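For reference, the chains in residue letters:
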Amino acid sequence: MKILVAVKRVIDYNVQIRVKEDGSGVITDNVKMSTNPPDDNAIEEAVKIKEAGKATEIVAITVGEEKAQETVRKALAVGADRGIHVKAEGTLEPLAVSKILQKVVDKEKPDLVFMGKQAIDDDCNQTGQMLSALLNWPQATFASKIDVKDNKLEVTREIDEGLETIEINVPAIVTCDLRLNEPRYASLPNIMKAKKKPIEEINASDLGVDVSPRLQQLKVEEPPKRKAGIKVANVAELVQKLKNEAKVI
Amino acid sequence: MSRESMEYDVVIVGGGPSGLSTAIKLKQLDANLNVCLLEKASEIGAHILSGNVFETRALDELLPNWRELNSPIKTKVTKEKFLFLGKTKSLSWPTWLLPAVQKNHNNYIISLANLCRWLAEQAEAVGVEIFPGFPANEILYNKDGSVKGVATQDMGIDKEGNKKDSFEPGIELLGKVTVFAEGCRGHLGKQLIEKFELNKGKDPQQYGIGFKEIWEIEDKNHEEGLVMHTAGWPLDNNTYGGSFLYHANNKQVFLGYVIGLDYKNPHLSPYDEFQRFKTHPAIKKIIQGGKRISYGARALIEGGFQSLPKMFMPGALLVGCDAGTLNMPKIKGSHTAMKSGIIAAETINEHLKENKNLSIYEDKFKNSWLHKELYEARNVKPSFSWGLILGIIFTGIDQILFRGKLPFTLKHKHADHETLKPAKQMPKIIYPKYDNIFTFDKTSSVYLTGTNHTDNQPVHLKLKDPNLPINYTLEKFDEPAQRYCPAGVYEIQKDNDVNKFIINSQNCIHCKTCDIKEPSQNIIWITPEGGGGPKYGNM
C-alpha cells in the first residue's frame, strides 16, 4: 500500500497573528512558520502504518512557494520516503489545491491520501472533501483512530455528538484530527538523512490546473478587543445589570 | 542507553552573531571543513533580542560584499539625541559633547534576529550544517580532560523524568574543536568557566537586563534613522541603566531599557521601571497613538575587559558574550561578538592545519581592534558604581580627554548576586498601575513573545535547595525573583496561609536573569526541550 500525505506550511501556532495595516492580509515576513499541526498527525499515522508493515511507501507532498518545501523536508525527517513539491505562488484556495492533488494522485496512484482535517491559517476544512469528490473516492474526515484491514479502513471520527466509527473501501481520503496520535520528533541523524532524500519539483502550471482564486477577499481585520470585565457587589446588582445593561434576561 | 554520535571538525553551540561568524569564516578558510551549528530555538533568530544599532566593521571583514547579498541592513543612522530625564522634564545633551564611542553616524538600525537569519542563509550556502531546535545540554570530555564535544538533549521526557512514547534520545556531536557561542550566561559556558577556572584573576562578571518592545507609531512621530538614548528617570542616581529608542523602517520604533543587575534594592522591578519609563512626556509623545507589537527581554554582559575570562581551553573556545565581549560604553556587542568569532575561526584553522595550540586565540585577540576597543572602554562601567553623576563626569574625562588611555584600571568589586540589601533596609517601591495604552502587565507582554514549552516536560529552572526561596530568600529579600523575572515565571502563592514558591517555567523567555541575580545562586537555568522558548520575529 502506498500513502500520499499532503502537508501545508502555515504560521506557527504560537505566533501572535498581526494584520497588515492595509487590510490585505496578515503579516508573514520574519514570522516563524511550521507544518500545519494536524498534518503532522497525518504523517505520523502514515509512518506508523508503514512501521506495522501495512504500507510500503510514503510520499509527502506540499503545494506552495519555494519555502513550503521545508514542510516536505520535515516529513522526510520523520519517516516519509520521498517528497513532491508543487510550486505555486500567491493565494491557493482549497479547490486549486485539491485539483493539483487530483493530478498527482492520477500519476502516483496511491491507495490512501492523508492530510490534516484543516489548516490553522484559513481554517477552511475543505481540501480533503473536495479531493474526495474530484476522485470519486470514499472519505473519512476528522479521524482520531485508523485501523487498516486488508482493503478496508476502519476509522473513528470525532463528530459533534461523540465518536463515530465507519468502514470505508480503499482507495480513500482520510483527514486527520489532532487526537489521532502524538507526532514524533525528528532526530538529528534523521534530519541529516532527510537532506539526501529526493524531492520532485513540479510547477503547478505544468499540471494544467487553473489555480486562480475563485473568491475575492475584501478585507482582513483583527477581531474586536474584548472589553474588561467588572465586579459586582451582590446578586441584586448582577441581576439588574443583566437586565438593564446586557439585556439578556 | 548508548547514544548515537556524529563527528565533525568543528561543533558550534549557538546560532547568534558570534557562532554564525565563526561558522562562515571557517568555511571561507577551508571549504572542506565539516562544521555544524546547534541552536536551541525553533529557528535561527527566534531567541535573538538586541537594540540594535549595528557597526559594520566585523561584517565588512567577514562578508565585504554584504551590500550585494540582500542583507537586512538598510536603515542608516541619520540623527542622534541624548536626553537626561527628570521626572517630567528632559534635558537634551549636545551630541558634540558625547564621547566618540557613543556616536553612531556610519552605523545602521537593524533587527539582530533578522541579521542572524540572513547570516544563517550565508552559512548554509557555504555548507555549514545548521540544526535549529537542538539545544546542547551536556559537555563531553576526553579522558585527558579536554573537551570532546556536546550532547543534545533527550526529547520526549515527562515532568517526572520518565520516557514518553515520543522519546528520542539525544546524540553526541564530537568536534576536533568545540566552539561555545551561547551568548550571555550560556549554561555550558558557565560550567566551562568554572571547570577550567577561566575567570581566575579576573573581576567578577557584571550583567544587565535589557528589555525591548517594538512599536508601530504614527507617521508624524516617526523619523527613520533617528537614534535616541536617555539616562536618569525613572532610575535613581545609584542604579545603572538607561533607555534606547531607535526609529527603524516601516514606521517602527525599537524601544528598550537596560538596567544593571548590580542594583541593591530587592523591591526594584526592572520590568516596571521599563513600563514606567514609557510614561515620561518625552517618550509618551513619540508612541502616542501607536501600537505595541513585540516584547522581549534578555540579560547582557557588562563586565568588559576586567571580567573577560580566558577564552580558550583544551579542545574548545568561547566566543562572543559566552565569554563577554560586549562594549558597554558603545552599547554594542554584535560587531565585537562577530569579530571574536572570526578570530576563533582563524585560530581553529591554524590549530587543525599547523597543529598550533588553541592558546594562539589569545594572541590574535590581543593584536586585534577588538582588544583595543574593550581596553579603552574598560573604566566606564565601574565608574558608575559611584552613581550616575560622578560616573558621567569620570566618563567624560576618561573617554573624551584621555580616550580610554588613563594609566589605571577600575575594578568591578562584587558579583551581581551579592549586591542586594535586605528588604527591610530598603524602601519599597510602589509602581503605577498598567494603563494598557503605554504600560502593560507581564502576562500580556509574554503573550507577544510567542513563548511555548511542550507540556509535561521537566522544569528547566532547577533549585539547588527547593526550600531556600521560602525559608530564606522570601524572609530576607522579599523573594526578588517575583520582580526581576521579566516573564512572571516566579510567584509566591499563599495556600492556607502557607507560602509556596511557584515556577511557571512554561513562561520562561530564556533571559537568564534568575541564574545571575538570585542572591544565593540557588536557581540554575538549563535548556528545556528543543524548540521551546520565545519565537521572536524581528527583535
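### As for the packing of helix H3 (residues 94–108) of chain A against helix H4 (residues 127–135) of chain A
All names here are of chain A.
- At a minimum axis separation of 9 Å, H3 and H4 run at an interaxial angle of 50 degrees. Considering their axes alone, H3 and H4 lie oblique with respect to each other. In the crossing of H3 with H4, the sense of the turn from one axis to the other is right-handed. Residue-level contacts link Pro94, Leu95, Val97, Ser98, Lys99, Leu101, Gln102 and Val105 of H3 to Thr127, Met130, Leu131, Leu134 and Leu135 of H4.
- Here the contact of H3 with H4 is composed, by residue class, of nine nonpolar, three polar and one charged.

### A closer look at the pairing of strand E14 (residues 207–216) of chain B
Residues and elements named next belong to chain B.
- Of all ten residues that make up E14, nine are buried, and the element is covered over most of its length.
- Strand direction decides the pairing type here: E14 and strand E18 (residues 291–301), joined by ten bridges, are antiparallel. Within the sheet, the bridge partner assigned to glycine 210 lies in E18 and is arginine 298.
- Pairing analysis gives nine bridges linking E14 to strand E17 (residues 252–260), with the strands arranged antiparallel.

### Digging into the sheet that holds E17 of chain B
All names here are of chain B.
- Strands sit in the order E6-E5-E15-E16-E17-E14-E18 across an open sheet of seven strands; the sheet is mixed. A single partner strand is all that each edge strand has here, and the edge strands are strand E6 (90–93) and E18. On average, each strand axis in the sheet is tilted by 20 degrees relative to the strand beside it, whichever way the strands run.
- Across the face of the sheet, helix H5 (residues 270–277) comes into contact with E14, strand E16 (241–247) and E17 while running at roughly 140 degrees to E17.

### Quick look at the interface of chain B and chain A
- Contact residues are listed per partner, giving 23 residues for chain B and 15 residues for chain A.
- The element contributing the most residues to the side of chain B that touches chain A is strand E12 (residues 163–168) of chain B, with three residues.
- Per-class residue counts for the side of chain B that touches chain A are nine nonpolar, nine polar and five charged.

### Side note on helix H13 (residues 468–477) of chain B
All names here are of chain B.
- Pro469, Thr473 and Phe477 are the residues of H13 that are buried. Along the axis of H13, the buried residues cluster in a sector spanning 40 degrees; they form a single face.
- Considering only its buried residues, H13 is in contact with strand E23 (498–503).
- A positive backbone phi angle near 55 degrees is found at aspartate 478, which sits one or two residues after H13.

### Considering the sheet that holds strand E6 (residues 112–116) of chain A
All names here are of chain A.
- Here nine strands make up an open sheet; going across it, the order is E9-E8-E7-E10-E6-E1-E4-E5-E11 and the pairing mixed. Each edge of the sheet is formed by a strand with only one pairing partner; in this case those strands are strand E9 (162–169) and strand E11 (199–203). Put simply, the sheet's adjacent strands are angled 30 degrees from each other on average, direction ignored.
- Relative to strand E4 (residues 57–64), strand E1 (residues 2–6) runs parallel, the two being bridged by five bridges. Residue lysine 2 lies in a different strand from E4, and its bridge partner there is glutamate 57.
- Helix H1 (residues 37–51) rests against E1, E4, E6, strand E7 (139–149) and strand E10 (172–176) of the sheet, and its axis sits at about 145 degrees to E6.
- Across the face of the sheet, H3 comes into contact with E1, E4, strand E5 (82–87) and E6 while running at roughly 150 degrees to E4.

### Things to note about the confidence of the model for chain B
- Per-residue confidence for chain B averages 95 on the pLDDT scale, and 100% of its residues sit at or above 70.
- Scored as a whole, the predicted complex attains pTM 0.93, and scored at its interfaces, ipTM 0.84.

### Points about the packing of helix H1 (residues 17–29) of chain B against helix H3 (residues 112–125) of chain B
Residues and elements named next belong to chain B.
- Contact geometry for H1 and H3: axes closest at 10 Å, N-to-C directions at 20 degrees. Judged by the angle between their axes, H1 and H3 are roughly parallel. When the axes of H1 and H3 are compared, the crossing they make is left-handed. Contact residues: Pro17, Leu20, Ala23 and Ile24 in H1; Leu112, Cys116, Leu119, Ala120, Gln122 and Ala123 in H3.
- When its residues are assigned to classes, the contact of H1 with H3 shows nine nonpolar, one polar and no charged.

Conventions and cut-offs
- Residues numbered from 1 in each chain as written.
- Chains lettered and ligands numbered in written order.
- Predicted model: local features only at pLDDT ≥ 70, side-chain atom pairs only at ≥ 80, totals over all residues.
- Axes fitted to C-alpha atoms, helices over the stretch in contact; angles between N-to-C directions.
- Helix = DSSP H or I, 4+ residues; strand = E, 2+ residues; numbered from the N terminus.
- Parallel < 35°, antiparallel > 145°, perpendicular 65-115°, else oblique.
- Left-handed = near helix turned anticlockwise from the far one by under 90°.
- Contact = placed C-beta atoms within 7 Å.
- Nonpolar A, V, L, I, M, F, W, Y, C, P; charged D, E, K, R; others polar.
- Buried ≥ 20, exposed ≤ 12 C-beta atoms within 10 Å, placed from the backbone.
- Pairing = 2+ DSSP bridges.
- Arc of directions from axis to C-beta.
- pLDDT = per-residue confidence, 0-100.

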